[in-house]
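Examination of the molecular architecture
Read off the chains here:
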Amino acid sequence: MFSFKQAPVDKDGNDQSTLLTVRLKTTERTAYAKALSEYIASSYAEPPEAYRDDLRVLDELREAATAALDVNTNVLKRNTRYYGQLSFILSKFPADVNVKFTWCNAFDSESAVSCQDLYFERAAVLFNIGAIYSQLACRESRTDKDSLTRAFVSYQNAAGAFGYLQQRIVSECRTQLTTDMSSYMLATLENIMLCQAQECVWHRSIISHMKDANIARVATQVAVFYDLAIESGSQGSLAGTIPSHWLDHFKVKRLFFYAEAQYRKALDCLANSQYGEEVARLQAAQDYCNQINELVTYNQRWSKTLRAAVVDMVRAQAELVGSNRVRAERDNDVIYLDPVPAPTALAAILPYKLAQSKTPEIVENPGQYLGEEELGPPLFKGLVPFVIHQAASL
């Protein structure tokens, strides 16, 4: 079983991780100062020199947010500050002010969109905030409870950022978006972040020695989340956008967690002297392991794209389930003679959902943080809001 070769190192992330990260969108350099100065002079009839510091700070915020070569909490803070100030200056300037923004697709750097749209700029920055949260979560060691909790929180924040982007932000954009910000793609990103947040719960439940019956329920919910990721990620419109190996990853992890749920429930049956059901649960787990083996063994693409860490994970599971199934069948045949129920007679394992999308408050309500340390003083505070200025000029 599982004779396939391990994939080469995954260029999209750490080959030794069983979890996925989202790449940051990249952008070309641009500047606000000239265009906004001209607009202030022509439309507000105010001297742009009065806003020299605000213009400089805004350009510095964009440069700091988009020039990061690595991901850390400081990069998250810089992107969040720029996002918050963008949200505020949208009340001061028209969205199509004469500043050109160019952003590349996070999954295809050859595909880019250029436009004059502050809403598009804000959407791209929020996408990167979600991506940064995903990378911060994946960088956690996840070997202890504290690290798993931090990863869990970051994955929930990533899910919240992508969900908020899909539901509230992209609809305001006035130009064609890069396909990584399509509705189905953002739904898929939100779903995979929820999968991985719930995986952190599963891992923490194991090292916390939670009861096997509860671990089974947690694992079932991970599989349910992967079902959702497969559904949204399989939409035809995403062909060529979503990394091809992601769907393979989703399908293997889905089967893995359904197998894990049956295995943990089997351990619970053993502890409660339900020997026939233990055998049936282990047989069900074995069926899921066999499905993984069939998918990977008979499809060369899968054997080339699965991460080494995922390969190791499913191999270890198959061996564990197989050895326990042999032991349980032997013991039941020789000692317990307990009737083994048919697979259809087994009670469903109810999912236990703990992961949920958590939009960071500073993303959802940035105005509450203006003037505070997180966002700094509001830029162009002295300008009359654009809608009032527009109405007064009629």
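Residues numbered from 1 in each chain as written. Predicted model: local features only at pLDDT ≥ 70, side-chain atom pairs only at ≥ 80, totals over all residues. Heavy atoms only, no water.

1. Here we look at the pattern of salt bridges
Applying the stated criterion across every chain, the model contains 18 salt bridges. Glu 60 serves as the salt-bridge partner of Arg 56, at 3.2 Å between the closest nitrogen and oxygen. Highlighted residues: Arg 56 and Glu 60, both in helix H2 (residues 52–66), separated by four residues, approximately one helical turn. Taken together, the shared-partner salt bridges in this structure form one network comprising Asp 53, Arg 56 and Glu 60. (Salt bridge = Lys/Arg side-chain N within 4 Å of Asp/Glu carboxyl O. Helix = DSSP H or I, 4+ residues; strand = E, 2+ residues; numbered from the N terminus.)

2. Digging into the packing of helix H5 (residues 145–169) against helix H6 (residues 183–207)
Across the interface, H5 lies against H6 with an axial gap of 8 Å and an inter-helix angle of 165 degrees. Compared by their axis directions, H5 and H6 come out roughly antiparallel. You can see that H5 and H6 cross each other, and the crossing is left-handed. Residue classes in the contact of H5 with H6 are distributed as 17 nonpolar, eight polar and three charged. (Axes fitted to C-alpha atoms, helices over the stretch in contact; angles between N-to-C directions. Parallel < 35°, antiparallel > 145°, perpendicular 65-115°, else oblique. Left-handed = near helix turned anticlockwise from the far one by under 90°. Nonpolar A, V, L, I, M, F, W, Y, C, P; charged D, E, K, R; others polar.)

3. A word on the nonpolar core
Grouped together as the largest cluster of nonpolar side chains are 111 residues, with contacts concentrated most on Phe 127, Phe 250 and Phe 380. Ranked by the residues each element gives to this core, the list is headed by helix H4 (residues 118–139), at 15 residues. Not counting the four nearest positions on each side in its chain, Phe 127 is found in contact with Val 22, Arg 23, Lys 25, Ala 106, Phe 107, Phe 162, Leu 165, Asp 180, Met 181, Leu 186 and Leu 189. By size, the runner-up hydrophobic cluster in this structure holds 11 residues, among which are Ala 259, Tyr 263, Cys 289 and Val 321. (Core = buried A, V, L, I, M, F, W, Y, C linked by side-chain atoms within 4.5 Å. Buried < 20%, exposed > 50% of the residue type's maximum accessible area, 1.4 Å probe, protein only. Contact = heavy atoms within 4.5 Å.)

4. Here's the deal with the environment of Glu 199
Along the polypeptide, Glu 199 turns up in helix H6. Take Glu 199: its relative accessible area is 5%, and that puts it in the buried class. In this structure, the C-alpha to C-alpha distance between Glu 199 and Ala 123, residues 76 residues apart in sequence, is 28 Å. Aside from chain neighbours lying at most four places away, what touches Glu 199 is Thr 18, Leu 19, Val 222, Tyr 226, Lys 253 and Phe 257.

5. Quick word on a nonpolar patch on the surface
A cluster of nonpolar side chains, namely Val 334, Ile 335 and Tyr 336, defines an oily patch on the protein surface of about 310 Å² accessible area. For Tyr 336, a relative accessible area of 35% puts it in the partly exposed group. (Patch = residues over 30% accessible without salt bridge, like charges linked within 9 Å, V, L, I, M, F, W, Y side chains within 5 Å. Areas by Shrake-Rupley, 256 points an atom, 1.4 Å probe, with all protein chains shown as cover.)

6. Description of H4
Here H4 spans 32 Å end to end across 22 residues, near enough to the 32 Å set by a 1.5 Å rise per residue. In terms of burial, H4 is a largely internal element, 21 of the 22 residues being buried. Backbone nitrogen of Tyr 119 and a side-chain oxygen of the N-cap are separated by 2.9 Å at the start of H4; the cap is Asp 117. (Expected span 1.5 Å × (residues − 1). Polar contact = N/O pair within 3.5 Å; in protein donor to acceptor, adjacent residues only side chain to side chain.)

7. Things to note about the packing of aromatic side chains
Summed over the entire model, instances satisfying the criterion amount to 15 aromatic pairs. Here the aromatic rings of Trp 246 and Phe 250 are separated by 6.3 Å at their centres, their planes lie at 55 degrees, and the arrangement is tilted. You can see Trp 246 and its partner Phe 250 sitting in helix H8 (residues 244–271), four residues apart, about one turn around the helix. Classification of Trp 246 as buried rests on a relative accessible area of 1%. Three or more aromatic residues joined by ring pairs make a cluster, and in this case those are Phe 107, Trp 202, Tyr 226, Trp 246, Phe 250, Phe 256 and Phe 257. (Phe/Tyr/Trp six-rings, centres within 6.5 Å; stacked < 30°, edge-to-face > 60°.)

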